[in-house]
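Below are the chains, spelled out letter by letter.
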Amino acid sequence: DARVTQTPRHKVTEMGQEVTMRCQPILGHNTVFWYRQTMMQGLELLAYFRNRAPLDDSGMPKDRFSAEMPDATLATLKIQPSEPRDSAVYFCASGLGRDTEAFFGQGTRLTVV
Amino acid sequence: QKEVEQNSGPLSVPEGAIASLNCTYSDRGSQSFFWYRQYSGKSPELIMFIYSNGDKEDGRFTAQLNKASQYVSLLIRDSQPSDSATYLCAVRVEGGSYIPTFGRGTSLIVHP
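A short tour of the structure in this document, coming up. (Residues numbered from 1 in each chain as written. Chains lettered and ligands numbered in written order. Predicted model: local features only at pLDDT ≥ 70, side-chain atom pairs only at ≥ 80, totals over all residues. Heavy atoms only, no water.)

B:Trp35, B:Val72, B:Leu74, B:Ile76 and B:Tyr87 are the most contacted members of the largest nonpolar core, which totals 23 residues. Breaking this core down by element, the ones donating at least two residues are β3 (19–25), β4 (30–38), β5 (45–50), β7 (61–66), β8 (71–76), β9 (85–93) and β11 (106–111) of chain B. Core analysis: the second largest hydrophobic core is formed by 22 residues, A:Val4, A:Met21, A:Ala47 and A:Val112 among them. (Core = buried A, V, L, I, M, F, W, Y, C linked by side-chain atoms within 4.5 Å. Buried < 20%, exposed > 50% of the residue type's maximum accessible area, 1.4 Å probe, protein only. Helix = DSSP H or I, 4+ residues; strand = E, 2+ residues; numbered from the N terminus.)

This is how it looks when you write it as structure tokens:
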């Protein structure tokens, strides 16, 4: 059963701590998206990779967020330092090629207190 | 102004009725259109995509696209309580970044 796997599913952390979220895209998919979902803003794109290269991270606060793909089976999103306003659900999605739909992982629900 | 607009709802329909969900978009270069369903606390799940003007049917779901008027809609026939969810419209511009842009979603409630 091919699916996008995200870890952890839930994370509660204190303000100022580092948070790392991980994503394993569907095997063979070469496009990876990171989205953040809140009630106020809906789904917002944070980062976009194709063939492990970052193509768009314009939606990501650069001073505290970073996204990488160390290899084709792992994408990471890091927040350092975390703030209460970062509390949201973070979704990773993957796709095959540029002309394809995005398949979503189960998300990481982040709470920063 | 967000590039993809949806009425947040909730849209409430009785079981067995047709639910009609609408989405408008601003970029005339948009070429690919997707409908995702998201149950509360779950991740978005793709249910339909459409690329050409006209209708596309899949079971109880019909996607309708009108590029001249820049809107795409989703019809759900014989609505069931299990269809109660938030429906997200996503649009992708070809020749650009190929990144799907999402609307904020319409909440659908199907009551017995």
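This next bit is on the interface of chain A and chain B. Counting from both sides, the interface comprises 21 residues of chain A and, opposite them, 19 residues of chain B. Summed over both partners, the interface of chain A with chain B buries about 1600 Å², with 53% contributed by carbon and sulfur atoms. The tally of links from chain A across to chain B stands at zero salt bridges. When contributions to the side of chain A that touches chain B are tallied by element, the ones reaching two or more residues are β4 (31–38) and β5 (42–50) of chain A. The dominant element in the side of chain A that touches chain B, judged by the number of residues it contributes, is β5(A), at five residues. Taken together, the residues of the side of chain A that touches chain B break down into nine nonpolar, six polar and six charged. (Contact = heavy atoms within 4.5 Å. Buried area = accessible area lost by both parts, 1.4 Å probe. Salt bridge = Lys/Arg side-chain N within 4 Å of Asp/Glu carboxyl O. Nonpolar A, V, L, I, M, F, W, Y, C, P; charged D, E, K, R; others polar.)

Moving on, we get to the pattern of salt bridges. Applying the stated rule across the entire model yields eight salt bridges over all chains. B:Glu45 is paired through a salt bridge with B:Arg37; the nearest N and O atoms lie 3.1 Å apart. Residue classification places B:Glu45 among the partly exposed residues on the basis of a relative accessible area of 37%. Accessibility expressed as a relative area gives 13% for B:Arg37, which makes it buried. Look at the salt bridges and you will find they share partners, linking A:Arg64, A:Glu83, A:Arg85 and A:Asp86 into a network.

On to the environment of B:Leu108, then. Summarising the element assignment, B:Leu108 is placed in strand β11. With residues up to four places along the chain from it excluded, the contact list for B:Leu108 reads B:Leu11, B:Val13, B:Ala19, B:Ile76, B:Asp83, B:Ser84, B:Ala85 and B:Tyr87.

A few words on the state of the cysteines. Enumeration according to the criterion identifies two disulfides over all chains in this entry. For A:Cys23, the disulfide goes to A:Cys92, at an S-S distance of 1.9 Å. For the disulfide bridge between A:Cys23 and A:Cys92, the dihedral angle about the S-S bond is near -60 degrees, and by the sign convention the bridge is left-handed. In this pair, A:Cys23 is assigned in strand β3 (residues 19–24) and A:Cys92 in strand β9 (residues 88–95), connecting sequence segments 69 residues apart. The same class applies to A:Cys23 and to A:Cys92, which are both buried. Each disulfide pairs two cysteine sulfurs, and for B:Cys23 the partner residue is B:Cys89, the sulfurs being separated by 2.1 Å. (Disulfide = S-S within 2.5 Å.)

Residues and elements named next belong to chain A. With respect to topology, four strands assemble into an open sheet ordered β1-β3-β8-β7, the strand pairing being antiparallel. Single-partner strands in this sheet number two, and they are β1 (5–7) and β7 (65–71). The mean inter-strand angle of the sheet, taken between neighbouring strand axes irrespective of direction, is 20 degrees. (Pairing = 2+ DSSP bridges. Axes fitted to C-alpha atoms, helices over the stretch in contact; angles between N-to-C directions.)

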